[in-house]
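# Topology and contacts: notes
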Amino acid sequence: MKVRHCSIHFCAQRTSLTILSWGSSVVIHSSAPTRDLPYSTVWEHTLALTAVRYATTFTCVFANCVPNDPVLVPFPDHDWIHNYQNASSLCSGHMGKNYVFVFTGRWRYLRVQFPYLFANLRVNGGVIDYIHYVMINYDPFTQGKLESLASMVRNLTKNDETLVINYLSYPRGHPPSNAKKGAYATAYYDYINGIFRHPCNRYFKVDDDVVYIHPGTFENTLSRDRGEACSLRFANTAGANWRCSFIHQSMGIYNNSAINPNDLHFEFRTNGKCGWSSLPCARLSLDAFIALYKSKQLSRYLFNGTYLLTDKMRFSINFFMIDSSAISLKALAETWPIGQDDEDWWTRQYARKTNPHCIVGNSLVVHFSYSKTAKSLEHLNMIKEFEAIAVAETYTKVPPQIWSLLEV
């Protein structure tokens, strides 16, 4: 029986991953500044399962540029490997836990979003088990509000793990000023590692300025068809999302002179005239949603099945699900580390090594704004419209004490 060896070398400013055999060599290479390297546990699992592709028995050495002083890496046992490789057949709808993780630091959006998350908790009849707030560039006010909210939710659900706050960076205005840069990748490594250890778990990444979540969105995103080709499953996103806005345009959403008097058009490119920095187009996408909501025509946004993103261009990652079907071990090894730009990594680098990602037609959310237009839209007081919608949609599903806390 051939024994294959793999080794990691964390040297200088580069890192390389190589899987070797006695007679031939299979090389999977990844490089990045050392400070951006992922958790060692994630590397261990990636190495272990990638090695299984080429051999039944393998050993691995973890070396920190000290060839004469290797440290054996503890790998998962055979059952763990078998479970991960067969997750699609082992995991049914009732198995595993569903997490929502929100990169956040802005209470003005969180207070609009939270009622939807609370209403979708499993204890309230939904499918979400745990909510994680990953703190990025936050201020003391937001921190205080979330700490109070976490305490209240834990008491209501009788579970200390229902709402967790992860501190991965310093508060706004405190050193180091670039602390948040590594926080995104650190959180992703943690959740990907969670899938490695528990292949039936699913993780929803949700931007903190997702200010509307349509009924059934979490359930529809979770529901994969047998043999489905898509990797990450994205929500059908109204508001600030150029890709979905282009799709909605083709569905006739903006063919209304009352909300689009200047006949604006979304182009099929990231930096088009109706791209991420255009205030008129940002307002158009929100005005269209509000108008269709008030006229009870949100079904116009919905479509059956999925829209495959075969071109693998960069686009906004406002709401998507990561599960075992989305994790390609070979793609991880070839494209890691995630680095500073998680959006580019997921939608371009990682996507080019996996099956296409897709947009789920019946999973509707609203992303409020890109950073370039956020302040202008807030000055127009458009967030008030979504506060009113959140109350209308979730008022009876959220306890009075939480509504009191969510007041400004």
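As a reminder, the structure under discussion sits directly above these lines.
First things first, this report covers the structure right here in the doc. Values in this document were obtained by computation on a predicted structure and should not be read as measured data.

Rules used in this analysis
Residues numbered from 1 in each chain as written. Predicted model: local features only at pLDDT ≥ 70, side-chain atom pairs only at ≥ 80, totals over all residues. Heavy atoms only, no water. Phe/Tyr/Trp six-rings, centres within 6.5 Å; stacked < 30°, edge-to-face > 60°. Helix = DSSP H or I, 4+ residues; strand = E, 2+ residues; numbered from the N terminus. Buried < 20%, exposed > 50% of the residue type's maximum accessible area, 1.4 Å probe, protein only. Axes fitted to C-alpha atoms, helices over the stretch in contact; angles between N-to-C directions. Parallel < 35°, antiparallel > 145°, perpendicular 65-115°, else oblique. Left-handed = near helix turned anticlockwise from the far one by under 90°. Contact = heavy atoms within 4.5 Å. Disulfide = S-S within 2.5 Å.

## Observations concerning the packing of aromatic side chains
Counted by the stated rule, this structure contains 32 aromatic pairs. Where Y191 meets Y203, the ring centres are 5.3 Å apart and the plane angle is 40 degrees; that geometry is what we call tilted. In this pair, Y191 sits in helix α6 (residues 183-197) while Y203 sits in strand β9 (residues 202-207), placing the two residues twelve residues apart along the sequence. Y203 gets classed as buried once you look at its relative accessible area, which sits at 4%. With a centroid separation of 5.9 Å and an interplanar angle of 20 degrees, the aromatic rings of F289 and F386 are classed as stacked. One end of the pair, F289, is in helix α9 (residues 279-294); the other, F386, is in helix α13 (residues 383-394), with 97 residues separating them in the sequence. On the accessibility criterion, F289 (0% relative accessible area) is buried.

## Thoughts on the packing of helix α4 (residues 107-119) against α13
Running from amino to carboxyl end, α4 crosses α13 at an angle of 20 degrees, the nearest separation of the two axes being 9 Å. Judged by the angle between their axes, α4 and α13 are roughly parallel. Both α4 and α13 take part in a crossing whose hand is left-handed. Residue-level contacts link R108, Y109, R111, V112, P115 and Y116 of α4 to I383, F386, E387, I389, A390, E393 and T394 of α13.

## Regarding the state of the cysteines
In total, this model carries two disulfides according to the counting rule given. There is a disulfide in this structure between C230 and C358, and the S-S distance comes to 2.3 Å. Of the two residues, C230 sits in the loop between α7 (217-222) and β11 (233-239) while C358 sits in strand β14 (residues 357-367), which places them 128 residues apart along the sequence. Take C230: its relative accessible area is 3%, and that puts it in the buried class. A sulfur-sulfur separation of 1.8 Å characterises the disulfide bridge that pairs C274 with C281. Measuring handedness by torsion sign, the sulfur bridge of C274 and C281 sits at about -65 degrees and is left-handed.

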